[in-house]
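# Fold and contact review
This is what each chain is made of:
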Amino acid sequence: MRIRLLCASIAILLSGCGGGSEDAGTTTPPTQPPVQPPAPVQYIASSVSANGGALDPSSQKVESGKSAIFSITADTGFTLEAITGCGGTLNALTYTTAVITADCTITPTFIANAENAIKHQDHRLASASELIDFSIAKLASIDTKRKAHINQLYQGVGSSISWHPTHDSITFSSFMPENTFTVLPSNVDGSGESAVRGLVMAGEQQGQRYAAMAGNLFSVNTSAQTDTLLKNILGWLTKGADKTDGLSIVTTQMPSKADSWDFPHNEGIRTWLTNNYPAAHSINAANTCDYSELSNCIDTLKPDVILISDIDRQSLGFAGIKAAIAKAKAAGIPLLLSNYWRNQSPMLSPLYLEMGLSTSGNYWSKLNANDLSVTDVLAEDTALTKVNNLLGKLNEASFDTSVLNDCTGNYLSCNAAAFVDSFKAGADWYRSNAETLDNNAIDVFTKADFPLMKAGLLLADKYRSEIDYPIAYSEHAQWQQALFADWTVSYARVHNLAQPDLGEYVTDRANLSKGSNAHYAYPATVSERKTISVPYAGQWTTTGWYALPGQTIKLTRLDSSAANVEIKLNYHRRNTNRAYEQKVYRGPLELAQQRLRLAQGKSIEFSSPYGGPIYLYINGDASSVDVNAEHVAKHPTIMDFSNPAEIAAFNERIQNTELPHVDLRTDGAEQHLRRDRFLNAIGTYVPDVNALLNSIVDDHINSVYTLAGLKIQGKSLSESLPADV
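Residues numbered from 1 in each chain as written. Predicted model: local features only at pLDDT ≥ 70, side-chain atom pairs only at ≥ 80, totals over all residues. Heavy atoms only, no water.

## Structural notes on the overall build of the protein
For the protein, the count of helices and strands is 19 helices and 32 strands. For the protein, the C-alpha radius of gyration of 37 Å lies well beyond 27 Å, the compact-globule estimate for 725 residues. The principal-axis extent of the C-alpha atoms belonging to the protein is close to 170 × 90 × 55 Å. Out of the 725 residues belonging to the protein, those deemed buried represent 49%. Considering only contacts in the protein between residues 6 or more positions apart, those separated by 24 or more positions represent 74%. For the protein, the exposed area adds up to about 33000 Å²; of that, 50% sits on carbon and sulfur atoms. Charge-centre separation for the protein: the mean point of 56 positive side chains lies 3 Å from the mean point of 73 negative side chains. (Helix = DSSP H or I, 4+ residues; strand = E, 2+ residues; numbered from the N terminus. Rg over C-alpha atoms; globule rule 2.2 N^0.38 Å. Buried < 20%, exposed > 50% of the residue type's maximum accessible area, 1.4 Å probe, protein only. Contact = heavy atoms within 4.5 Å. Areas by Shrake-Rupley, 256 points an atom, 1.4 Å probe, with all protein chains shown as cover. Lys, Arg positive; Asp, Glu negative; His and termini not counted. Charge placed at Lys NZ, Arg CZ, Asp CG, Glu CD.)

What follows is the structure, encoded as structure tokens:
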């Protein structure tokens, strides 16, 4: 019995382990599911929506530890400016993220091509049309903002307004119209002819409002209309504070009857306030807030507005009020400037410049507003409308050289009606602003403002790069573009581009041909210090230095003299360009200019698209200055004919340079000419350079000047005469 039970137990055990005989049958165990690896962790890399372009795809899921790739597509007229996020790297137009370990966001920034060109000061980054469209859009934005202000300022004025600031006044033009706008323009001059410039300007920068008047609107030729306008201006400046708790005003540097019987502005202002803000204003006692006292008045009187004129009884200039003005700006106190002079004064000049205003004296022109329609003032800024019209014509290449037919001199000075309407009225806005910027050594590309001027200068760069002399009278669009290039030059720019084709400026007209640039090889530049003198004040003279086209030049005054020094580039008079007479465009219209000033103890950097000899104009109480020059070339020059070393250096340079100009200075006179013309004078009667130099001194300078009885500066007449006289 035990044996049977044991056998049965063994059989059961074998069966449970899959044992037993084959014919006993098989049993399949249940299948176990395979062990699944954990699901991968995924993150999302997404892009922020941006104006001007997009990433493709806009987002994607990425496994942890892997990277993602995005393609970048800019819209037409835009380019990628920057891209950040997800630790990525940019390669051309592909953005690859770093290894992804969490959700992340990519932020692309796109910029319009015109804005990109302005940012990098490179016209090649935008087309001409894009630069023009940018400018037109900017003008539209400026006008929308202007109209909003003008509508507020002319509330209650009526249908027309007149104001004559007298001939003891100035007029304005805004070279920063994005900040500063015309409130009251002139419409006629003293002869009744149409003449448009600003008589009252206003603007806002960094939260501070300001205004400037050609004369004193409180006391000069006032009317009910001007009173209403002035009250509106005060309300605008104070943002309505004049009506909430009364007007607190401080006057400084204001002329009184003791200063001027004709213009007692201190008295006139107080009378005006009594009439227009009765029992609702406070004002300092006349002349108690002048110079350094203005700072104390700001602290104690807490004015809503500061009214500044330019009577300078202590001859301190702007320095006398500079600290107080800085305090006013920091406090956001509005400034209202009241001109007293016939030209802009040294005291107010820095403020006009900060406000973006160029000025002109009004003594002879007598510009004024005569029954000016308020509707017209509201409708447009005449000066900017002319700029807008010019830009439209440039965009359409709409120009016919026949509008130049009535010009009898250099086109820069031509006021023939057809030419003014078709081109000059708009182009003069760029030119006059460039002159103002250069006079004040402002390189607009180093500033945050000036979008219109920047775009205009780059457009001129583009047109200048495409000039191909000679330009026939029938090439209308090429004339239009060359004119704009010549009109729109700022020498205070550190990085002007060299004009590839300099035409007749550097070679004879017979050598000019289409498709071939008239230019020259550049020598090495040097740094050099010199004492530059003139025989008497009010003259310009050669320095022996040459500005290469597109080269940044730096001049530094090291003397302490009281001389006033201006930098003159090139020597050509305007009408040496005979395009107006020959009807062929062979070279730049204006090469000689004298816009840049070199102040005592100061440095200035500048460049020229044309290059050329550098001269100094020296005036004032000294006739000699000490100047250091950097990055200048040396062209064939003689400054002292009695110095054999200079003669030898001249001989070496004249034969071994391509620099196209020559300067010769003697005690009596100077000669400035093209190098090829100098060399062409050598021939049968003048065998070599030395003989030509002697001939210039003996036959030209001595015969023309000394035999005419004109003695050399610093010498007696007998000492000045040639030995054979």
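## Looking at the sheet that holds strand β30 (residues 637–638)
Judged by pairing direction, the sheet is mixed, and its three strands sit side by side in the order β30-β31-β32 without closing on themselves. Each of the sheet's edge strands pairs with one partner strand only, and the pair in question is β30 and β32 (670–674). Here strand β31 (residues 661–665) pairs with β32 via five bridges, running antiparallel. Residue pairing for β32: leucine 664 is matched across the bridge by glutamine 671. (Pairing = 2+ DSSP bridges.)

## Some points on the environment of asparagine 651
Along the chain, asparagine 651 turns up in helix α16 (residues 644–656). A residue is classified by how much of its surface remains accessible, and asparagine 651, at 22% relative accessible area, is partly exposed. A C-alpha to C-alpha distance of 9.8 Å links asparagine 651 and aspartate 688, two positions 37 residues apart in sequence. Setting aside residues up to four positions removed in sequence, asparagine 651 forms contacts with Val689 and Asn690.

## Focus: the nonpolar core
Counting 95 residues, the largest nonpolar core has Tyr411, Phe419, Leu555, Ile567 and Ile614 as its most contacted members. Considering each element in turn, this core owes the most residues, eight residues, to helix α13 (residues 451–465). Excluding its chain neighbours within four sequence positions, the residues that come into contact with isoleucine 567 are Leu555, Gln593, Gln594, Arg595, Leu596, Leu598, Ile604, Phe606, Ile614, Tyr615 and Leu616. With 64 residues, the next largest nonpolar core counts Phe181, Leu294, Leu335 and Leu357 among its residues. (Core = buried A, V, L, I, M, F, W, Y, C linked by side-chain atoms within 4.5 Å.)

## Focus: the confidence of the model for the protein
Residues of the protein with pLDDT of at least 70 account for 93%, and the chain-wide mean is 92. Here residues 1–24 is a poorly scored stretch, pLDDT under 50, and it has two contacts once near neighbours within four places are set aside; other chains count. (pLDDT = per-residue confidence, 0-100.)

## Re the packing of α13 against helix α14 (residues 476–487)
Between α13 and α14, whose axes approach to 8 Å, the crossing angle comes to 130°. In terms of orientation, α13 and α14 fall into the oblique class. Crossing geometry of α13 relative to α14 is assigned as left-handed. Of the residues in α14, those touching α13 at Gly456, Leu459, Ala460, Tyr463 and Arg464 are Gln481, Phe484 and Ala485. Among the residues forming the contact of α13 with α14, the class breakdown is five nonpolar, two polar and one charged. (Axes fitted to C-alpha atoms, helices over the stretch in contact; angles between N-to-C directions. Parallel < 35°, antiparallel > 145°, perpendicular 65-115°, else oblique. Left-handed = near helix turned anticlockwise from the far one by under 90°. Nonpolar A, V, L, I, M, F, W, Y, C, P; charged D, E, K, R; others polar.)

## A look at the pairing of strand β13 (residues 208–213)
With six of six residues buried, β13 is to be regarded as a mostly interior element. Of the two faces of β13, the one holding Gln208, Tyr210 and Ala212 and the one holding Arg209, Ala211 and Met213 are both buried throughout. Summarising the sheet, strand β12 (residues 198–205) and β13 pair through six bridges and their orientation is antiparallel. Considered in β13, the bridge of glycine 203 is made with tyrosine 210. Linking β12 to β13, which pair antiparallel, is a turn of two residues; within it glutamine 206 sits at a positive phi near 50°. Sheet analysis places β13 next to strand β17 (residues 335–338), joined by four bridges and oriented parallel. When the sheet's bridge partners are listed, alanine 211 is paired in β17 with leucine 336.

## Structural notes on the sheet that holds strand β4 (residues 69–74)
One open sheet holds the four strands; their spatial order is β2-β4-β7-β6, and the pairing between them is antiparallel. Across the chains shown, the open sheet's two edge strands, defined by having one partner strand only, are β2 (53–56) and β6 (89–91). Direction aside, neighbouring strands of the sheet carry axes that sit 25° apart on average. In this sheet, strand β7 (residues 94–96) lies alongside β6 in antiparallel orientation, the contact comprising three bridges. Paired with asparagine 91 across the bridge in β7 is threonine 94.

## Some details on α13
Side chains three or four residues apart in an α-helix point the same way, a direct result of the helix having 3.6 residues per turn. Across its 15 residues, α13 extends 21 Å between first and last C-alpha, which sits within 8% of the 21 Å expected from 1.5 Å per residue. Counted residue by residue, α13 has 14 buried out of 15 residues, so it is predominantly covered. (Expected span 1.5 Å × (residues − 1).)

## Considerations on the pairing of strand β8 (residues 104–112)
Inspection of the sheet shows strand β1 (residues 42–47) paired to β8 by three bridges, in the parallel sense. Across the sheet, serine 47 pairs through a bridge with isoleucine 106, a residue of β8.

## Here we look at the state of the cysteines
Enumeration according to the criterion identifies three disulfides in this entry. At a sulfur-sulfur separation of 2.1 Å, the disulfide partner of cysteine 86 is cysteine 104. On the S-S bond that ties cysteine 86 to cysteine 104, the torsion sits near 105°, and the link is right-handed. Within this pair, whereas cysteine 86 is found in the loop between β5 (78–84) and β6, its partner cysteine 104 is found in strand β8, the two being separated by 18 residues in sequence. Residues cysteine 86 and cysteine 104 agree in their burial class; the two are buried. (Disulfide = S-S within 2.5 Å.)

## Some points on unusual backbone geometry
Of the consecutive residues aspartate 56 and proline 57, the connecting peptide bond is found in the cis state with omega at -5°. Examined against the element boundaries, proline 57 turns out to sit in the loop between β2 and β3 (59–63). The residue after tyrosine 469, namely proline 470, is reached through a cis peptide bond having omega -5°. Mapping proline 470 onto the fold places it in the loop between α13 and β20 (471–472). Phi is positive for serine 315, which is not a glycine, with a value near 55°.

## Details of the environment of tryptophan 364
Counting through the fold element by element, tryptophan 364 comes out in the loop between β18 (357–361) and β19 (369–373). Here tryptophan 364 falls in the exposed class, since its relative accessible area comes to 73%. The sequence separation of tryptophan 364 and arginine 342 amounts to 22 residues, and the corresponding C-alpha distance is 9.6 Å.

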